[in-house]
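# Inside the fold
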Amino acid sequence: MAERLSAETRKSALAELPGWSETPGREAIGRTFTFRDFNEAFGFMSRAALVAEKSDHHPEWKNVYKTVDVVLATHDAGGVTRLDIDLAKAMNAIARQLGVT
Ligand SMILES: C[C@H](O)[C@H](O)[C@H]1CNC2=NC(N)=NC(=O)C2=N1
């Protein structure tokens, strides 16, 4: 089972994750992605969903038109683990391919 990261490790991991920040009021990280339109937002979600399924690690996310709000935490560990950092990195890579840095 993935180990919960300390506040210090979480903060240094966030420094490598453009656009991501701590979620106020809970041990989690979050980012809002804004795409060109709904089609690209949903395309992002489709691709990220495949990565999540493959890693058995799933996001908490909400899509409104061209925005996707994402919160990542490892429920089993009660905080942020490497799994969340890796999924955030993968999401940033997918977004970059869609022109969103
Ligand atoms: C049994 C299965 O491995 C677990 O329920 C997985 C599924 N996806 C998950 N996703 C997230 N974000 N946290 C978890 O603890 C988690 N656990």
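An unreviewed UniProt entry lists the protein under the name Putative pterin-4-alpha-carbinolamine dehydratase, from Bradyrhizobium algeriense. Quoted straight from UniProt, the Catalytic activity (unreviewed entry) entry for the protein says "(4aS,6R)-4a-hydroxy-L-erythro-5,6,7,8-tetrahydrobiopterin = (6R)-L-erythro-6,7-dihydrobiopterin + H2O". Reading the Sequence similarities (unreviewed entry) entry of the UniProt record for the protein gives the comment "Belongs to the pterin-4-alpha-carbinolamine dehydratase family."

### Re the pattern of salt bridges
Applying the stated rule across the entire model yields seven salt bridges. A salt bridge links Arg10 to Glu22, with the shortest nitrogen-to-oxygen separation between them at 3.0 Å. Of the two residues, Arg10 sits in helix α1 (residues 7-15) while Glu22 sits in strand β1 (residues 21-22), which places them twelve residues apart along the sequence. On the basis of relative accessibility, which here comes to 7%, the residue Arg10 falls in the buried class. What makes Glu22 partly exposed here is its relative accessible area of 27%. We note a salt bridge from Arg82 to Asp86, for which the minimum N-O separation is 3.9 Å.

### Notes on the site of the ligand
Around the ligand, the neighbouring residues are Asp56, His57, His58, Ala73, Thr74, His75 and Asp76. Taking Ala73, its main chain carries an N or O atom lying 2.8 Å from a nitrogen atom of the ligand. Between the ligand and the protein, one listed contact pairs an oxygen atom with a backbone N or O atom of Asp76 at 2.9 Å.

### Points about the nonpolar core
In terms of nonpolar packing, the biggest core is built from 24 residues, with Trp20, Ile29, Phe33, Phe35, Phe44 and Met91 touching the most fellow members. Where this core is concerned, the elements lending two or more residues are α1, β2 (29-34), α2 (38-55), β4 (67-72) and α3 (82-97). When residues of this core are assigned to their parent elements, the largest contribution, six residues, is made by α3. The contacts of Phe44, once residues within four sequence positions are left out, are Phe33, Phe35, Trp61, Val68, Met91, Ile94, Ala95 and Leu98.

Cut-offs applied
Throughout this document, residue positions are counted from 1 along each chain, in the order its sequence is written. Thresholds applied to this predicted model are a pLDDT of at least 70 for local features of residues and 80 or more for the giving and counting of side-chain atom pairs; totals over whole chains, interfaces and linings are not thresholded and use all residues. Based on all heavy atoms of the structure, the side-chain values leave hydrogens and waters out of the count. UniProt positions are given in the numbering used here, feature names are shortened, and annotations may be inferred rather than shown by experiment. Whenever Lys or Arg places a side-chain nitrogen within 4 Å of a carboxyl oxygen from Asp or Glu, that contact is recorded as a salt bridge. Numbering goes from the N terminus for both helices and strands, where a helix is a DSSP run of H or I of at least four residues and a strand is a run of E of at least two. When accessible area is computed with a 1.4 Å probe and restricted to protein chains, residues below 20% of their type maximum are described as buried, those above 50% as exposed, and intermediate ones as partly exposed. Here, proximity means that at least one heavy atom of the residue falls within 4 Å of the molecule or strand. Throughout this description, a polar contact denotes any pair of N or O atoms lying within 3.5 Å of each other; where both atoms belong to protein, one of them has to be capable of donating a hydrogen while the other can accept it, and for residues adjacent in sequence the pair is counted only when both atoms sit in side chains. Nonpolar core, defined: a set of buried Ala, Val, Leu, Ile, Met, Phe, Trp, Tyr and Cys residues in which side-chain atoms within 4.5 Å join the residues together. The contact rule is simple, with two residues in contact once any of their heavy atoms fall within 4.5 Å.

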